[in-house]
Amino acid sequence: MGHAQSTSRHNGRAGAANGVEPPLPSRFSRFRSRLRLRRHRGRDRCGAAGDSSESGKGVAADEFAGIARIRIVKADLRFKDKFFACLSLGERTYRTETSDSTHRPVWNSEKKVVIETNGPHIARISVFETNRFSKNTLVGYCEVDLFDLLTKDLEEEHAEDLALLDPSSSITTMGTISVSCYIEDPVETEQSFARRVLAIVDYNEDGKLSLSEFSDLMKAFGNGLAVNKIEELFRQADTNGDGIVDMDELAALLADQQEKEPIISNCPVCGESLGKYDKINDMIHMTLCFDEGTGNQIMTGGFLTDKQAAYGWMFKLSEWANFSSYDVGLRSGSTASHILVFDRRTKRLVEEAIDGKIVLSMRALYQSKVGLTLIDSGVKDILKNLSEKQGKKMNSPESAKDIPKFLELFAGQINMDETKDPIESFKTFNEFFIRQLKPSARPIAQIDDGSIATCAADCRLMAYSSVDESTRFWIKGRKFSIEGLLGADAHHNAFKNGSLVIFRLAPQDYHRFHVPVSGTVEKFVEIPGCLYTVNPIAVNSKYCNVFTENKRVISIISTSEFGKVAFVAIGATMVGSIAFVKKEGDYVHKGEEFGYFSFGGSTVICVFEKDAIQFDADLLANSERSLETLVEVGTTLGVSKRNRGLKVSELQKCSIE
């Protein structure tokens, strides 16, 4: 934000022995201190948005690190076209205008965001080639750790040149983009905001306010008490008694009064009532709401993902025609033409792409009574036969030609640099689909600590402490139960009222699943069934029971830390094959490969005994919002409640790191 550090004539701080005011610590030393003290502490609330004023949440004063001004300056691209850029942080995305120039677009667009010491700090910048008629094309992206940029002590004008990566390969660059990031801490926020607001009534622009100008300002703030005390407040601000109050004097008064008896009752920009939270949140709200007056273009907000920001008018028309809602939660997952999930690593919303024609067919089949009639009259057999035929096709040598098309469809969501074998080595599509990853690609959290469970797959995850919670927030099928899921041969009384976690794998995911806990494999139980899709459109349907009717294989793992754990691998449409690489009697270590699914989407459900596991707080918080969390194999899932030596806060620390 670039304002010099202000000093107040009556800020209440004691002077040094010689009467000289001791200097404040530098802005960056204060910022680094906040990060050092709190960055790695476990949080009580998870999934906070990057812009708290827009998310409707207050910012805890001890977590507020400052307000950052992020500016996307320009790009240097291989292509010659018009472009725009999107900035995503937390659950908000902002978009620049389309560049007037080609090849080297210049935007100079900026956005202010709240930085919390334990909040989202990995920003994604995506550059799109424009297309007025349909979706625009993603041509490059980069991820920026704002903490790294903000602690470099750079000047406001300095811009970092960052490599724009190819969406299909993280080692191929498509050009560069220039980005600057500048932090304003709470001291600067109070002072600089006050000066900008008070400048509204500085009619002659001399940097000073007369009594009449000051009076207009008090009236504009909408505070009747302040209006009745205008002359008193003016004298209080006019510390040198010259009858004129300069900006620093009024800024100090405003900061002092806001602490004792607030002068501003309503935001001068949007009119919203203040005082919902505390002083710092009022200041954050007004700072973000107020036009900074920098002369730079302010990025457009209100988007949840960069894909939403990139959609053209044809998408908006289709949304209107289908009465869909672009939002998080159950409604988005069951009726809309897209699924929003929360990326645990970046703390950002991302969109799962689904072909529009497939969405329409799934709605017709799973979200209506007509679809129920079709299911009961033979669609189950059709889905099974279709999956078997597709499975044979994907095992044929001819199917290898579909691999490049698949990678193009899911550009940016499949990282081939992590794959163990080169793409040329796959002779069929299924060989590619069940590809293995390099050993270093998925490190296992706390690998030697058996009391910490880890995620079983690269997937979208929902975690619930009880079956009742899962049916209230997510599973809407008729009469879902643990007994129905496991079947008579695998069900055990210990699982009654147990906890469960759902790992949903999409086609673009790594399709090998891993053991979440260490223990002995007691047995495998195979249950035949149909092959419904595991897409949320079907899972959220009240007309069918996806998890209790689909083909599945249940394994029971006996552990010392969690008791018995049921590991349920569930087949789905286009997934007729479930393979395990372990056998009964094997001792398995958490993180080891357990098996794989052939082509298609699929699901793993793990059932824990009652009160055996405390799931990570962020996973539970997202699940209560009916929001799936995007996770990777080996990241933390939860901690054993039977091991009291490890505090839940330590587990939360692991999940954050």
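Residues numbered from 1 in each chain as written. Predicted model: local features only at pLDDT ≥ 70, side-chain atom pairs only at ≥ 80, totals over all residues. Heavy atoms only, no water.

A few words on the pattern of salt bridges. Scanning the entire structure with this criterion turns up 20 salt bridges. Taking the shortest distance from any N to any O, the salt bridge between Glu418 and Arg442 comes out at 3.1 Å. Within this pair, whereas Glu418 is found in the loop between α15 (402-409) and α16 (429-433), its partner Arg442 is found in the loop between α16 and β15 (452-454), the two being separated by 24 residues in sequence. Accessibility expressed as a relative area gives 22% for Glu418, which makes it partly exposed. Between Arg504 and Glu628 there is a salt bridge, and its shortest N-O distance comes to 2.8 Å. Taken as a pair, Arg504 in strand β17 (residues 499-505) and Glu628 in the loop between α21 (617-624) and β27 (629-631) lie far apart in primary sequence, 124 residues in all. Here Arg504 matches Glu628 in class, with each residue buried. Through salt bridges with shared partners, a single ionic network connects Glu418, Arg442, Asp458 and Glu632. (Salt bridge = Lys/Arg side-chain N within 4 Å of Asp/Glu carboxyl O. Helix = DSSP H or I, 4+ residues; strand = E, 2+ residues; numbered from the N terminus. Buried < 20%, exposed > 50% of the residue type's maximum accessible area, 1.4 Å probe, protein only.)

Moving on to the packing of helix α5 (residues 211-220) against helix α7 (residues 230-237). Packing of α5 against α7 brings their axes to within 10 Å, and their N-to-C directions diverge by 120°. Taken together, the axes of α5 and α7 are oblique relative to one another. Our pair here, α5 against α7, has a crossing hand that is right-handed. Residues Leu211, Phe214, Ser215 and Met218 of α5 pack against Ile230, Leu233 and Phe234 of α7. (Axes fitted to C-alpha atoms, helices over the stretch in contact; angles between N-to-C directions. Parallel < 35°, antiparallel > 145°, perpendicular 65-115°, else oblique. Left-handed = near helix turned anticlockwise from the far one by under 90°. Contact = heavy atoms within 4.5 Å.)

To continue, consider the pairing of strand β21 (residues 564-570). Within β21, 7 of the 7 residues are buried, which leaves the element mostly enclosed by the surrounding structure. Every second residue of β21 is oriented toward a common face, with Lys564, Ala566, Val568 and Ile570 on one face and Val565, Phe567 and Ala569 on the other, all of them buried. In this sheet, β21 lies alongside strand β20 (residues 552-558) in antiparallel orientation, the contact comprising 7 bridges. Considered in β21, the bridge of Ile557 is made with Val565. Hairpin connection from β20 to β21: 5 residues lie between these consecutive antiparallel strands, with Gly563 at a positive phi of about 75°. Of the strand pairs in this sheet, β21 and strand β25 (residues 602-608) are connected by 6 bridges, and their pairing is antiparallel. Residue pairing across strands places Ala566 opposite Val607, the latter belonging to β25. (Pairing = 2+ DSSP bridges.)

Here we take up the packing of aromatic side chains. Tallied over the full model, the rule gives 19 aromatic pairs. Ring geometry for Phe214 and Phe234: centres 5.5 Å apart, planes at 55°, overall tilted. In this pair, Phe214 is assigned in helix α5 and Phe234 in helix α7, connecting sequence segments 20 residues apart. We note that Phe214, like Phe234, is buried. Centre to centre, the rings of Phe406 and Phe429 are 5.2 Å apart; their planes meet at 80°, and the pair counts as edge-to-face. Residue Phe406 is located in helix α15, and its partner Phe429 is located in helix α16; the two are separated by 23 residues in the primary sequence. An aromatic cluster is built from Phe406, Phe410, Phe426, Phe429, Phe432 and Phe433, whose rings are joined through pairwise contacts. Between Arg95 and the ring centre of Phe84, over which it is positioned, the NZ or CZ distance is 3.7 Å. A cation over an aromatic ring shows up here: Arg124 above the ring of Tyr141, its NZ or CZ 4.2 Å from the ring centre. (Phe/Tyr/Trp six-rings, centres within 6.5 Å; stacked < 30°, edge-to-face > 60°. Lys NZ or Arg CZ within 6 Å of the ring centre and 35° of its normal.)

Glancing now at α7. The complete set of buried residues in α7 reads Ile230, Leu233, Phe234 and Ala237. Down the axis, α7 shows its buried residues gathered within 100° of arc, on one side only. Facing away from the buried side of α7 by over 90 degrees, the exposed positions are Glu231 and Arg235. (Arc of directions from axis to C-beta.)

This part covers the UniProt feature "active site" (unreviewed entry) in the protein chain. UniProt marks Asp458, His514 and Ser602 with the feature "active site" (unreviewed entry), using the numbering shown here. Spanning 145 residues, the named residues form one tight spatial group whose C-alpha atoms are at most 14.1 Å apart. By secondary structure assignment, the location of Asp458 is in the loop between β15 and β16 (459-464). When its relative accessible area of 6% is taken as the criterion, Asp458 is described as buried. In this structure, Ser602 sits in strand β25. (UniProt positions renumbered as here; feature names shortened; annotations may be inferred.)

The strands making up a sheet associate through hydrogen bonds between their backbones, and the pairing can be parallel or antiparallel. Spatially, β15-β28-β26 is the arrangement adopted by the 3 strands of the open sheet, whose pairing is antiparallel. Of all the strands in the sheet, just β15 and β26 (613-615) have a single pairing partner and so form its edges. Neighbouring strand axes in the sheet, compared pairwise and without regard to direction, differ in orientation by 30° on average. Bridge analysis of β26 against strand β28 (residues 636-640) gives 3 bridges, and the strand direction is antiparallel. Bridge pairing in β28 places Ile613 opposite Ser640.

Pairing within the open sheet is mixed, and its 10 strands lie in the order β14-β13-β27-β16-β17-β25-β21-β20-β19-β23. Only two strands of the sheet have a single partner each, and these edge strands are β14 (348-352) and β23 (587-588). Direction of pairing for β16 relative to β17: antiparallel, over a ladder of 5 bridges. Looking at β17, one finds that Tyr464 is bridged to Leu500. Lying on the sheet, α21 is in contact with β13 (339-343), β16 and β27; it crosses β16 at an angle near 90°.

Taken as a whole and judged by the stated rule, the model has 0 disulfides. Summary of cysteine pairing: Cys606 is not part of a disulfide, and the nearest cysteine sulfur, belonging to Cys455, is at 9.8 Å. Note on Cys606: relative accessible area 0%, which makes it buried. (Disulfide = S-S within 2.5 Å.)

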